[in-house]
Amino acid sequence: SGRSADVEPVSRSLRENHRRRPLVDIWRDPDSFPRFRNKSAALTGKCTKCPFGEVCKAGCSAMALSQSGTLTETPYCIRQLEQEKIIKEMI
């Protein structure tokens, strides 16, 4: 049909092809998309100090990549934004 069968998580440099392997196998394979599966070990910036970093993993990968250029830090952390708002209201 001429359509791509590539599965691309955010970045085109990290592809898999579901015609070569079933999507369920790609999803369950721990070696597929390692940059996404191991994000918590590579957090940067404010995310490294965050007590929720291990769980949050810098939030949405697409948002983090588009706004910071990296998968490992997000400028739109809801926890951080709420803390800043509370502090401003106290001042």
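Cut-offs used in this document
Counting from 1, residues in each chain are numbered in the order their sequence is written. Since the coordinates come from a predicted model, pLDDT governs what is reported: local features require at least 70, and pairs of side-chain atoms require 80 or more to be given and counted, while whole-chain, interface and lining totals use all residues. Neither water nor hydrogens contribute to the side-chain values; these are computed over all heavy atoms in the structure. Working definition: helices are DSSP H or I runs of at least four residues, strands are E runs of at least two. Numbering for both runs from the N terminus. We call a residue buried when its accessible area falls under 20% of the maximum for its residue type, exposed when it is over 50%, and partly exposed in between, using a 1.4 Å probe and counting protein chains only. Only heavy atoms matter for contacts: two residues are in contact if any of them lie within 4.5 Å across the pair. Surface accessibility follows the Shrake-Rupley procedure with a 1.4 Å probe radius. Residue values consider only the protein chains on display as shielding. Within the patch definition used here, like charges are joined within 9 Å and nonpolar side chains (Val, Leu, Ile, Met, Phe, Trp, Tyr) within 5 Å, considering only residues with over 30% relative accessible area and no salt bridge. Here, a salt bridge means any side-chain nitrogen of Lys or Arg that lies within 4 Å of a carboxyl oxygen of Asp or Glu. Each residue carries a pLDDT score, the predictor's confidence in it, ranging from 0 to 100.

### Things to note about the overall build of the chain
Regarding its fold elements, the chain presents five helices and two strands. Per-residue burial over the chain gives 26% buried out of 91 residues. Nonlocal contacts in the chain, meaning residues at least 24 apart in sequence, comprise 29% of its contacts between residues at least 6 apart. Total accessible area on the chain is roughly 6,900 Å²; 56% of this is exposed by carbon and sulfur atoms.

### Considerations on a nonpolar patch on the surface
A cluster of nonpolar side chains, contributed by Ile86, Ile87, Met90 and Ile91, occupies part of the molecular surface with about 510 Å² of accessible area. Inspection of the secondary structure assignment puts isoleucine 91 in the segment after helix H5 (78-90).

### Let's talk about the confidence of the model for the chain
Of the residues in the chain, 80% have a pLDDT of 70 or more, and the chain-wide mean is 80. Per-element confidence in the chain is highest for H5, whose mean pLDDT is 89, and lowest for strand E1 (residues 6-7), whose mean pLDDT is 62.

### Considering the pattern of salt bridges
With the rule as written, the count across this model stands at one salt bridge. As a salt-bridge pair, lysine 85 and glutamate 89 come within 4.0 Å of each other at their nearest N and O atoms. Of the two residues, lysine 85 and glutamate 89 both sit in helix H5, four residues apart, roughly one turn of that helix. The same class applies to lysine 85 and to glutamate 89, which are both exposed.

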